[in-house]
Amino acid sequence: MKISAAAAALLSLAVPTATAWTAVPTTSIVRSSSMSIRSPSLLQSTTVKDAAIEEVEAAPDTGAREFGVVSTNKLSKLYDLVVIGGGPAGVAGAIKAAQMGRRAIVIDKPKFDAGVLPNGLDLFFGGPTGLFSKALRDLAKSTNVGALRAQEMESDVIWKQITNGIVKLAMRNSEGQCRTLARYGIDYLQGSAMLLGENDPVNVAAEKKFAKDMDSPEDGLRSVKVTNTGVLDDYVGFVDDAEVTVTGTKVLVCTGSKSTRLPGIPFEESHRIFDSDTVNLLGYFPRSVTISGLGIIGIEFANIFNALGVKDVNILVRGDVEASTKKLGMDMD
């Protein structure tokens, strides 16, 4: 792994959130009249999303939703804590509330609909925003890429094995988190949540409805509108694509982080440029990786790809390397 000073034209790209440029493996060549280029469409692309969809399609459909649905009877009552966001912080907050004898619910929108099993299990529920990097880091430690290459396994086969491993790790984590919530009596509802204002008519009506149920009426309460959700109705059973209102005396918002994108970098136009959020869309085993940003995320991904056997890993650094490492509390030795 090499750390080098960035060229003047690239200095402005070195930001706290890592950006990565990858080189595709050697593949078939598409030739034009003036030059030869590699075509990404000729690659056997396998992203984590592809692997998740395969997992969902292979899962048996039992006809019953076990996860992510709540009965309308429960939703009609006042919660002590409504958590928006089902990552580690949201799950931990709900569990803490339950341990204190409070009634809690976690509302979380699946990363993508195709990543939800027929029983309602979101393969990525309960995982951090950087789940991909954490799972990839663990697999890098346990996957001997050199040995697989020695067996003459193709790069796309190795990458598919890695992405399948990431999905398996995520699924085990997700199911474990759901079981933990159920053990503490915490409701878990899948859907898109929107926090309503204090003066919203729905919230005002909820204050009147639950006036006698609040410990401190003067503190008020807040209502959350949940759309694209599934609920269990006492009369008609499971209702899909429903809209409900959840009300709680406290609301905890844990919606995760988002990477910073500087203008001028063609993230959407290129299949080889990713940020720390979209790198999970990497669909091939890269031949080389260049990372802009010497922060924790950049170093983490550099170490991961280095451990996976990518020979050409570079980090672009703005300014002095020693000064950058000191900011992170790292020893140059």
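Computed from a predicted model, the values in this text were never measured in an experiment.

Colleague: If you had to explain the overall build of the protein to someone new, which residues and values would you point to?
Modeller: Across its full length, the protein carries nine helices and 14 strands. For the protein, the proportion of its 333 residues judged to be buried stands at 45%. Expressed as a percentage of contacts within the protein between residues at least 6 apart in sequence, the contacts between residues at least 24 apart total 72%.

Colleague: So what about the pairing of strand β10 (residues 222-233)? Which residues, and what values?
Modeller: Here strand β5 (residues 70-71) pairs with β10 via two bridges, running parallel. Within β10, the position partnered with S71 by the bridge is L232. With nine bridges joining them, β10 and strand β11 (residues 237-253) adopt antiparallel strand pairing. From the neighbouring strand, D233 faces β11, where its bridge partner is G237.

Colleague: Pulling in residues and values, what's your account of the packing of aromatic side chains?
Modeller: Considering all chains together, one arrives at three aromatic pairs under this definition. Taking 4.1 Å as the distance between ring centres and 25° as the angle between the ring planes, the aromatic pair formed by F125 and Y188 counts as stacked. With F125 in the loop between β7 (104-108) and α4 (131-142) and Y188 in strand β8 (residues 187-190), the pair connects residues that are 63 residues apart, well separated along the chain. The pair F125 / Y188 is uniform in exposure class, with both members buried. Measuring from ring centre to ring centre gives 5.8 Å for W159 and F285, while their planes differ by 80°; the resulting arrangement is edge-to-face. With W159 in helix α6 (residues 155-183) and F285 in the loop between β12 (273-275) and β13 (288-292), this residue pair connects regions lying 126 residues apart in the sequence. In this structure W159 comes out as buried when scored by relative accessible area, which is 1%.

Colleague: Now, about the environment of N73: what can you tell me, with residues and values included?
Modeller: In this structure, N73 sits in helix α2 (residues 72-75). Assessed through its relative accessible area of 37%, N73 is described here as partly exposed. Along the primary structure N73 and D234 are separated by 161 residues, whereas in three dimensions their C-alpha atoms are 7.5 Å apart.

Colleague: Run through the pattern of salt bridges, naming residues and quoting values.
Modeller: This model, assessed by the stated rule, comprises ten salt bridges. Of the charged contacts, one joins R179 and E66 as a salt bridge, the two residues approaching to 2.7 Å between their closest N and O atoms. Of the two residues, R179 sits in helix α6 while E66 sits in the loop between α1 (48-58) and β5, which places them 113 residues apart along the sequence. Judged by its relative accessible area of 38%, R179 is partly exposed. Using a relative accessible area of 45% as the deciding quantity, one classes E66 as partly exposed. Notably, a salt bridge pairs R179 with E175, separated by 3.1 Å at the nearest N-O pair. Taken as a pair, R179 and E175 lie in helix α6 at a separation of four residues, close to a single helical turn. Exposure remark for E175: the relative accessible area of 32% places this residue in the partly exposed category. A network of salt bridges, in which partner residues are shared, links E66, E175 and R179.

Colleague: Could you give an account of unusual backbone geometry, with specific residues and numbers?
Modeller: A positive phi angle, near 65°, is found at E152, a position not held by glycine. Assignment of secondary structure puts E152 in the loop between α5 (145-150) and α6. A residue is classified by how much of its surface remains accessible, and E152, at 70% relative accessible area, is exposed. For D241, which is not glycine, the phi torsion reads 55° and is therefore positive. Relative to the elements of secondary structure, D241 occurs in strand β11.

Colleague: Could you give an account of the confidence of the model for the protein, naming the residues involved and the relevant values?
Modeller: The pLDDT averaged across the protein works out to 80; a share of 81% of its residues lies at or above 70. Below a pLDDT of 50 lies the segment residues 1-16, which in the model reaches 35 contacts outside its immediate sequence neighbourhood of four places, other chains included. Low pLDDT (under 50) marks residues 26-44, which in the prediction has 26 contacts with non-local residues, meaning those over four places away or in another chain.

Rules used throughout
- Residue positions are given per chain, counted from 1 along the sequence in the order it is written.
- For a predicted model such as this one, the threshold for reporting local features is a pLDDT of at least 70, and the threshold for listing and counting side-chain atom pairs is 80 or more; totals across whole chains, interfaces and linings nevertheless cover every residue.
- Computation of side-chain values: all heavy atoms of the structure, hydrogens and water removed.
- Helix and strand definitions here come from DSSP, where helices need a minimum of 4 consecutive H or I residues and strands a minimum of 2 consecutive E residues; each element is numbered from the N-terminal end.
- Buried means the residue's accessible area, taken with a 1.4 Å probe over protein chains only, is under 20% of the maximum for its type, while exposed means over 50%, and partly exposed covers the values in between.
- In what follows, residue pairs with any heavy atoms lying within 4.5 Å of each other are defined as contacts.
- If DSSP finds at least two bridges between two strands, the strands pair.
- Within 6.5 Å between ring centres, the rings of Phe, Tyr and Trp (the latter by its six-membered ring) count as paired, and their orientation is classed by plane angle as stacked under 30 degrees, edge-to-face over 60, tilted in between.
- Think of a salt bridge as a Lys or Arg side-chain nitrogen and an Asp or Glu carboxyl oxygen that are within 4 Å of each other.
- Scored between 0 and 100, pLDDT is the confidence that the predictor attaches to each residue.

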